[in-house]
Amino acid sequence: MRSRSSRPSTALLFTCEHGGNSVPHRWAALFRGHEEALSSHRGYDIGAAEVAELMAAAFGAPLFVARASRLLVDLNRSPHHPRRFSEVTRALSRGEREHIEREHYTPHRAAVKDAIRAALRSSRSVVHVAVHSFTPVLGGVTRRADVGLLYDPSRKAERALSGAWQASLGRVAPAFVVRRNYPYRGAADGLTTALRKIHRASRYVGIELEMNQARLGSRRDQERMARVLVASLEAALG
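Let us look at the structure shown here. (Residues numbered from 1 in each chain as written. Predicted model: local features only at pLDDT ≥ 70, side-chain atom pairs only at ≥ 80, totals over all residues. Heavy atoms only, no water.)

## Things to note about the pattern of salt bridges
Using the following cut-off: Put simply, a salt bridge is a Lys or Arg side-chain nitrogen that is within 4 Å of an Asp or Glu carboxyl oxygen. Each residue is assigned to one of three classes by its accessible area relative to the maximum for its type, calculated with a 1.4 Å probe on protein chains only: buried under 20%, partly exposed between the two thresholds, exposed over 50%. Counting from the N terminus, the helices are DSSP H or I runs at least four residues long and the strands are E runs at least two residues long.
What the rule picks out here adds up to 12 salt bridges. For Arg 77, the salt bridge goes to Asp 74, with nearest N and O atoms at 3.6 Å. With relative accessibility at 23%, the residue Arg 77 sits in the partly exposed group. Asp 146 is paired through a salt bridge with Arg 215; the nearest N and O atoms lie 3.0 Å apart. Remark: Arg 215 occurs in the loop between strand E8 (204–212) and helix H6 (219–237) and Asp 146 occurs in the loop between strand E5 (141–142) and strand E6 (147–150); sequence separation between them is 69 residues. Judged by relative accessible area, Asp 146 falls into the buried class, the value being 12%.

Right, here's the structure in full:
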């Protein structure tokens, strides 16, 4: 039997909670007239799934991607968040919302939780990178970053990894503007925040990776972003 001291120090896992904008047939009629929203940043995180797939493949790490639109149900919101269901689905009956939850919300989050528990049985800690993207302009305000690294400042390992990743990104891609806890706060409501309530800070390191969609406009852009992120994360973890 392998001793505890010989266990790999870190397991790596990727997720993408807003990886697609599909709407299952059962609720397709609800979204007639909402096609523009579905195809925009409101419907999904543009480019995030593609980068997540490339990063996970480069590291040989597990990846969990949600393909249903966040306008159906937002997998990065807690069960009691008032905006978990969008303006399109919020008015559905309780039974219909529970059906959406069973089909699309619970399976993704449960699969991620199970994978982390399994990883922690064979590794001393897990680094979870939740891959997202953000619109360059929101509410008339320009977001001034290419990459954001979101984390909980009260958790030492998350603070350390975010700092190391930001520094290595500066070396790998000096033209990139990289900011921490931008354009959102890492300790705000989200899947990583929920997982922090389950696992000790020494065992679970949750980083939300936010990429500016202006950097993800083509497949070539997505591949370049993935190369930069993989090289810099390798250095940060090393």
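After presenting the structure, the write-up continues.
## A few points about unusual backbone geometry
Here the bond from Tyr 182 into Pro 183 is cis, since omega is 5°, no more than 30 degrees from zero. Note on placement: Pro 183 falls in the loop between strand E7 (178–180) and helix H5 (191–196).

## With respect to H6
This is how it is decided: Helix span, as expected, comes to 1.5 Å for every residue beyond the first. The criterion used for residue contact is that any of the two residues' heavy atoms lie within 4.5 Å.
Compared with an ideal rise of 1.5 Å per residue, which puts 19 residues at 27 Å, H6 spans 26 Å between its outermost C-alpha atoms and is within 8% of the ideal. Inspection of H6 places Gln 222, Met 225, Ala 226, Val 228, Leu 229, Val 230, Ser 232, Leu 233 and Ala 236 among the buried residues, and these make up the whole buried set. Looking at the buried positions of H6, the neighbouring elements they touch are strand E1 (10–16), helix H2 (48–59), strand E3 (125–134), E6, helix H4 (156–172) and E8.

## Examining the pairing of E1
Note the following rule: Strand pairing is assigned whenever DSSP detects at least two bridges linking the two strands.
Counting buried residues in E1 gives 6 out of 7 residues, a clear majority hidden from the surface. Two elements, E1 and strand E2 (residues 63–65), share 3 bridges in a ladder whose sense is parallel. Residue Phe 14 lies in a different strand from E2, and its bridge partner there is Leu 63.

## Digging into the packing of H2 against H6
Using the following cut-off: Interaxial angle, 0 to 180 degrees, is taken between N-to-C directions of lines fitted to C-alpha atoms, where a helix line uses only the stretch in contact. These descriptions rest on fixed angle ranges, namely under 35 degrees for roughly parallel, over 145 for roughly antiparallel, 65 to 115 for roughly perpendicular, and the rest for oblique. Should the near helix be turned counterclockwise from the far one by less than a right angle, the crossing is left-handed, whereas a clockwise turn marks it as right-handed.
At a minimum axis distance of 9 Å, the contact between H2 and H6 shows a crossing angle of 40°. Comparing the axis directions of H2 and H6 gives the class oblique. In the crossing of H2 with H6, the sense of the turn from one axis to the other is right-handed. Note on element contacts: H6 touches H2 through Arg 219, Gln 222, Glu 223, Met 225, Ala 226, Leu 229, Val 230, Leu 233 and Glu 234, opposite Glu 50, Val 51, Leu 54, Met 55, Ala 58 and Phe 59.

## A word on the packing of aromatic side chains
As a reminder of what qualifies: Only Phe, Tyr and Trp rings are paired, with Trp represented by its six-membered ring, and only when their centres lie within 6.5 Å; those with planes under 30 degrees apart are stacked, over 60 edge-to-face, the remainder tilted. Think of it as a cone above the ring: NZ of Lys or CZ of Arg counts as a charge over the ring if it is within 6 Å of the ring centre and within 35 degrees of the ring normal.
Counted according to the given criterion, the structure contains 1 aromatic pair. Across the ring face of Tyr 105, the terminal group of Arg 84 is positioned such that the distance to the ring centre comes to 4.5 Å. Cation over ring: Arg 179 sits above Tyr 182, and NZ or CZ is 3.7 Å from the ring centre.

## Thoughts on the sheet that holds E8
What holds strands together in a sheet is hydrogen bonding between their backbones, with the strands either parallel or antiparallel. Sheet architecture is open: 6 strands sit in the order E2-E1-E3-E8-E6-E7, paired in mixed fashion. At either margin of the open sheet sits one strand with a lone partner, and together these are E2 and E7. Going from strand to strand, the sheet's axes swing by 20° on average, the running direction of each strand aside. Bridge count between E3 and E8: 9 bridges; the pairing is parallel. When the sheet's bridge partners are listed, Val 129 is paired in E8 with Ile 207. The sheet contacts of H4 involve E3, E6, E7 and E8, and relative to E8 the element is tilted by about 35°.

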